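# An overview of the molecular structure
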Amino acid sequence: MFEPDETEKMPIYQKAEQIFKLTQGLVYIVPADNEYLQETVVRFMLENAMLIPVKIAGAEGGDLYDLRMENAAIIRKAARELYVQAGSLRYEEGIKDLDYISLLRNTIEEFRLLFIDWVASFDVWNYIKDSWGLFNPPGVNAHDKDPDDDIPFNPNDYFNSDNDDDL
């Protein structure tokens, strides 16, 4: 069962929180009079940094392989964008604390290593077939017959559609 406290104790989640806090700190090293950079940091970089721990919690809560992989793909995208966005700040005039940017990028690299192990820990047998074909476990194809199709289901066994007057 999903326990938020357990997720918060995970090293990958803690590293994601660290990335978020470091990204928040970028607001203070970007010149306040540079509206473009302030908007970039506040809007895009913080959005990516906030998304990472939220999607980790979602993956842990969902527990199904396909949902976890979908969240992992979103996390990967956000972390990669944040890494590039932080790197681009190194070339902006007025940003003096380049060590802070390096610290954020190094933390994202540490996160990447934790991410690899985290994704490898996903249970490939705990899945619902992804009919879109993106997030199926190895060996499962979107064109494969869905094993759930073999489960007999007759809605009339549960709903009496012949006698609508009782509604």
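Computed from a predicted structure; not experimentally measured.

## Focus on the overall build of the protein chain
- Each helix and strand counted, the protein chain has 5 helices and 0 strands in total.
- Reading the helices (α) and strands (β) of the protein chain from amino to carboxyl end gives α-α-α-α-α.
- In terms of overall dimensions, the protein chain is more spread out than a globule: its C-alpha atoms have a radius of gyration of 22 Å, far above the 15 Å expected for 167 residues.
- When the backbone C-alpha atoms are referred to their principal axes, the protein chain occupies close to 75 × 40 × 35 Å.
- Sequence separation of 24 or more characterises 67% of the internal contacts of the protein chain that already satisfy a separation of 6 or more.
- Distance between charge centroids for the protein chain: 11 Å, based on 15 positive and 33 negative side chains.

## What about a nonpolar patch on the surface?
- Residues Phe153, Tyr158 and Phe159 make up a contiguous nonpolar surface patch of about 440 Å² in total accessible area.
- Its location among the elements puts Tyr158 in the segment after helix H5 (98-120).

## Observations regarding the confidence of the model for the protein chain
- Summarising the model, the protein chain shows a mean pLDDT of 88, and 92% of its residues fall at 70 or more.
- Of all helices and strands in the protein chain, the one with the weakest mean pLDDT is helix H1 (residues 4-9) (86), whereas H5 scores best (96).

## Considering the side chain of Asp66
- Structurally, the position occupied by Asp66 is in helix H4 (residues 65-89).
- At 9.4 Å, Arg68 is the nearest oppositely charged side chain to Asp66, a buried residue that forms no salt bridge.
- There is a polar contact of 3.5 Å between the side chain of Asp66 and the backbone nitrogen of Ile128.
- Non-local contacts of Asp66, meaning those with residues more than four positions away in its chain, are made with Tyr127, Ile128, Asp130 and Phe135.

## A closer look at the side chain of Asp130
- In this structure, Asp130 sits in the segment after H5.
- No salt bridge is formed by the buried Asp130; the nearest opposite charge belongs to Lys129, separated by 8.7 Å.
- Non-local contacts of Asp130, meaning those with residues more than four positions away in its chain, are made with Asp66, Phe135, Asn136 and Ala142.

## A look at the packing of H4 against H5
- With their axes 10 Å apart at the nearest point, H4 and H5 run at an angle of 160° to one another. Of the possible angle classes, the one that applies to H4 and H5 is roughly antiparallel. The element H4 and its partner H5 pack so that their crossing is left-handed. Two secondary-structure elements touch here, H4 through Arg68, Met69, Ala72, Ile75, Arg76, Ala79, Leu82, Tyr83, Val84, Ala86, Gly87 and Leu89 and H5 through Ile101, Leu104, Arg105, Ile108, Phe111, Phe115, Trp118 and Val119.
- In terms of residue class, the contact of H4 with H5 is made up of 16 nonpolar, 1 polar and 3 charged.

Each value, and the rule that gives it
Residues numbered from 1 in each chain as written. Predicted model: local features only at pLDDT ≥ 70, side-chain atom pairs only at ≥ 80, totals over all residues. Heavy atoms only, no water. Helix = DSSP H or I, 4+ residues; strand = E, 2+ residues; numbered from the N terminus. Rg over C-alpha atoms; globule rule 2.2 N^0.38 Å. Contact = heavy atoms within 4.5 Å. Lys, Arg positive; Asp, Glu negative; His and termini not counted. Charge placed at Lys NZ, Arg CZ, Asp CG, Glu CD. Patch = residues over 30% accessible without salt bridge, like charges linked within 9 Å, V, L, I, M, F, W, Y side chains within 5 Å. Areas by Shrake-Rupley, 256 points an atom, 1.4 Å probe, with all protein chains shown as cover. Salt bridge = Lys/Arg side-chain N within 4 Å of Asp/Glu carboxyl O. pLDDT = per-residue confidence, 0-100. Buried < 20%, exposed > 50% of the residue type's maximum accessible area, 1.4 Å probe, protein only. Polar contact = N/O pair within 3.5 Å; in protein donor to acceptor, adjacent residues only side chain to side chain. Axes fitted to C-alpha atoms, helices over the stretch in contact; angles between N-to-C directions. Parallel < 35°, antiparallel > 145°, perpendicular 65-115°, else oblique. Left-handed = near helix turned anticlockwise from the far one by under 90°. Nonpolar A, V, L, I, M, F, W, Y, C, P; charged D, E, K, R; others polar.

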